[in-house]
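A closer look at the structure
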Amino acid sequence: AMLRWMMYTIFPDGVQESLDNPELAFWGGVVVGAIFVSLLICLKFSISLQMFALSGFAGTWMQFLDASQEANIIPPWRPGWSIGKDVLTQSFACTGIGMLAVMLASLLPYPRWSLTFVTENQLHANVQMVKVMRTVVDYYALDKPNKYIKDQVIRRLGHLKGLTHENQPLLAAAWWECYGFGSSQVKRRVLAQMDNITTSIFDIIWNAWQETVAEDFGEKDGHLIRQMKPYMDALLKSMEVTLQMLVKAASDGSLTPAEVLALKMSFEDIDKKDKALVDFFRKARKDVTKGSPEVIYKEVRIAHVLLYSFCEVVGKTKSLADKVHQEMSRSDFKLPPPPELDGFKSIFTGLTEKTHMVYAARGLVAFFGSFILGWFGFRDVFPPYTAGIASTVPFLITMYVGSALVSDLNRIQGLMLGYVMAPILASLTSTCEPVDLMIHLFITFVWVFLGVFVRESSPTFSSIGSMAAAFGASTLLAKNCSDPSIKKADIFESLALNCIAVLMTTLVNLGIPAENASDLAVQNLETCWSLLKKSIHELYDPNIKTVTFRASEAQLALQKAREMGNEASSEPRLWRMPWKTSLWEAVLDDTAHMVATLSTMEHAVVVGGEVSGPKKESLWKLMQQSHLFRHSAQNTVLKKMDVGTKLIGIFKHATAQRYPALSDKDVYKTYEEEDALAEQEFVSKDLGKIFGEENDRETNSVRDDDMAVMATALANLSRMKEQLRCVQHRILQNSYDE
């Protein structure tokens, strides 16, 4: 708007033949407009800012350059200004009223602040965490496993997983609620840390459940868990109390001295009950297994994994409580910063990246091409100096062809409904009588309500609902009650301009091709797998003492792979083989389980479970001494990861010919015989050293118990191998092999 006002300040009437030098005004307007559009597209402004700024500027720019049109823009600082004479001020007023209406609606029936939403979400997550853990204990404490309780565990795990997806962007947006100061900023730090811990806890619980439910649940496992159940229930109760106090800290952004003391006492209570649990566990384990290393290794593995995982969860809760206690005690300690929105510098970052350069090139060609086309007009379809095409194109520019085609076709459907159906409904009222006006108002309300309802309730038809509501409302509100006729020529021109804009962007997308979404999807999945392989090698290499956590980085790569996979399912394949959507989703789900297992392995191997650090001494020695660890990690897991990396390349295979990797004998290798031999060697040589009495030492928690640590480490490796087998099986089962 400021640029448009400045243009009309220098040349108050735009380009006019009556000017002394109309060419100067014309070419000056062309240069200023071209620079503005180029900067707006080439810099990394937000998509919404680009869309509305370019769409609004197109009409003003066209009007400024058209010598046949009179100016209807008067800057506020010019004499004779009034809101009735300046369409920009009118636009500001309408936008402001609309913004105030939206803000008022968002405050009803009560304000929904981002921090309030995250706090409520975290409260539900805390309750769900404890519920899941109790249900798992109940399942394994039964004399005979109950499949309905098993279903309950799976359902609650799914509910817990879905509770924190929206927290990170909301925590970033909450900066506007406190501007980075005061108690609300403390709340953001506490909630961000709780959200990170909740994600780690979910990975631990999920992995423990998958590891234990996949194995045969023996009599000794059940007997040991039933003895431990009262201690586990007591520890979970203390954990629940601590979590509630953390939510209180997150709700207020501060704690009173009495609440700080209560928080300190709560994690001291956790320590006490954790110690009682491990002491009884060592005694019960000896009673159940009679101290036999083979029985400890084979017949109480589920109990080891379950108790270790639960104590790891409790330990993370206590660690978080300790950090919040230090923060609230006004010490120098500060929790890590919460996620933040991109700042001003972000518009200059990554300008030379290939994807951004392709996007900018598409935007520039599409906008300037549509503006030039509108300038000259086209036969009887639309007259010269038409800005409608250039005003529409910014809403259609996308990076990938697949989403562009889907959104453009949906847009045309929404336009048809808004421009055609809405006038038909408006024709039900034909006079300016109060009754007809009330009916017209009711029709408008119902139309907008239905459009918004479709947008919010249907991901498939959301864009159709949005377009129908927006254009239908503008059509209905623009109706003149004294003129009931339908402007069919105007409707045709509007539809024609939008269809031409769709055609223009489609041709530009095809003419300036970006890298295929399917190739980018596979690249991101390969990146995720390479991170998994690098981490597993580092975790179980006896020559490496310090571990770097990579699970979160692998998760980001997996998320990008999923996003690109969704794009790939929509892009036109033309002569290429169809995208294997179902197989792709299944492989991504298996990979997500592998990332969760890696997260658990990282926290289990590192001292204190903190992000990156030295390995636990007992595990490090085990890696140096045990052939099974070296074989499972380096021979089986890493080799299977190489096989999996070869197989996931099948998603890039675009022809009907046999995928070359299917001719590689290694992709059919099971490694079962090698694993069996390594297992036999482990039992005969290493079992007594690892699960013997010398490793049954007194500790403060099961997560420090050497036998539990080693049993969980072995279970994690077994789980990773099983997931790799699953990926290998899925791809081979669904591959074209002729």
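This one's a predicted model, so the numbers in the text were calculated from it and none came from an experiment.

Okay, helix α22 (residues 581–605) next. Here α22 spans 36 Å end to end across 25 residues, near enough to the 36 Å set by a 1.5 Å rise per residue. Summarising burial for α22: 20 of the 25 residues are buried, a large majority.

Under the defined criterion, the tally for this structure stands at 26 aromatic pairs. With a centroid separation of 6.2 Å and 80° between ring planes, the pair formed by tryptophan 176 and tyrosine 179 is classed as edge-to-face. What makes tryptophan 176 exposed here is its relative accessible area of 54%. Seen from their ring centres, phenylalanine 449 and phenylalanine 453 are 6.4 Å apart, and the 20° between their planes marks the pair as stacked. In this pair, phenylalanine 449 and phenylalanine 453 both sit in helix α17 (residues 434–457), four residues apart, roughly one turn of the helix. For phenylalanine 449, a relative accessible area of 47% gives the class partly exposed. Through pairs of rings, three or more aromatic residues link up here, namely Phe36, Phe57, Trp61, Phe367, Phe368 and Phe371.

Another point: the packing of helix α5 (residues 114–141) against helix α9 (residues 182–213). Closest axis-to-axis distance for the α5/α9 pair is 10 Å, and the angle between their directions is 25°. Considering their axes alone, α5 and α9 lie roughly parallel with respect to each other. When you trace α5 past α9, the crossing you get is left-handed. In this structure, α5 uses Leu115, Val118, Thr119, Gln122, Ala125, Asn126, Met129, Val132, Met133, Val136, Tyr139 and Tyr140 to contact α9, whose residues at the interface are Ser184, Lys187, Arg188, Leu191, Met194, Asp195, Thr198, Ile201, Ile205, Trp209, Thr212 and Val213. Here the residues of the contact of α5 with α9 are counted per class, giving 15 nonpolar, six polar and three charged.

With that settled, the discussion passes to a nonpolar patch on the surface. A contiguous nonpolar patch, built from Phe445, Phe449, Leu450, Phe453, Val454 and Phe461 and spanning about 630 Å² of accessible area, is present on the exposed surface. Note on placement: phenylalanine 461 falls in the loop between α17 and α18 (462–477). The class for phenylalanine 461 is partly exposed, based on a relative accessible area of 46%.

In this section: the environment of serine 38. In this fold, serine 38 is placed in helix α2 (residues 22–42). Overall, serine 38 belongs to the partly exposed group, its relative accessible area being 24%. Residues serine 38 and leucine 364 lie 326 residues apart in sequence; the distance between their C-alpha atoms is 6.8 Å. Side-chain polar atoms of serine 38 contact the backbone oxygen of alanine 34, separated by 2.7 Å.

Right, let's talk about the environment of alanine 93 for a bit. Relative to the helices and strands, alanine 93 resides in helix α4 (residues 87–106). When the C-alpha positions of alanine 93 and isoleucine 83 are compared, they lie 9.0 Å apart, and in sequence the two are ten residues distant.

Before going further, it helps to spend a moment on the confidence of the model for the protein. In the predicted model, the protein carries a mean pLDDT of 83, and the fraction of residues at 70 or more is 96%. Considering each helix and strand of the protein separately, the mean pLDDT is smallest for helix α23 (residues 617–625), with a value of 73, and largest for helix α14 (residues 354–376), with 91.

Glancing now at the nonpolar core. If you look at the biggest cluster of nonpolar residues, it comprises 130 residues, and the most contacted ones within it are Val324, Leu525, Ile536, Tyr540, Trp584, Phe691 and Val702. Counting residues per element, this core draws most heavily on helix α13 (residues 301–328), which supplies 13 residues. Counting 24 residues, the second-largest nonpolar core is a separate cluster that includes Phe26, Leu40, Leu88 and Ala390.

A word on the side chain of arginine 576. Relative to the helices and strands, arginine 576 resides in the loop between α21 (551–570) and α22. At a separation of 3.5 Å, a polar atom in the side chain of arginine 576 contacts the side chain of serine 518. Those residues in contact with arginine 576, other than ones at most four positions away along the chain, are Asn516, Ser518, Glu571 and Ala654.

Reading guide: rules and limits
- Residues numbered from 1 in each chain as written.
- Predicted model: local features only at pLDDT ≥ 70, side-chain atom pairs only at ≥ 80, totals over all residues.
- Heavy atoms only, no water.
- Helix = DSSP H or I, 4+ residues; strand = E, 2+ residues; numbered from the N terminus.
- Expected span 1.5 Å × (residues − 1).
- Buried < 20%, exposed > 50% of the residue type's maximum accessible area, 1.4 Å probe, protein only.
- Phe/Tyr/Trp six-rings, centres within 6.5 Å; stacked < 30°, edge-to-face > 60°.
- Axes fitted to C-alpha atoms, helices over the stretch in contact; angles between N-to-C directions.
- Parallel < 35°, antiparallel > 145°, perpendicular 65-115°, else oblique.
- Left-handed = near helix turned anticlockwise from the far one by under 90°.
- Contact = heavy atoms within 4.5 Å.
- Nonpolar A, V, L, I, M, F, W, Y, C, P; charged D, E, K, R; others polar.
- Patch = residues over 30% accessible without salt bridge, like charges linked within 9 Å, V, L, I, M, F, W, Y side chains within 5 Å.
- Areas by Shrake-Rupley, 256 points an atom, 1.4 Å probe, with all protein chains shown as cover.
- Salt bridge = Lys/Arg side-chain N within 4 Å of Asp/Glu carboxyl O.
- Polar contact = N/O pair within 3.5 Å; in protein donor to acceptor, adjacent residues only side chain to side chain.
- pLDDT = per-residue confidence, 0-100.
- Core = buried A, V, L, I, M, F, W, Y, C linked by side-chain atoms within 4.5 Å.

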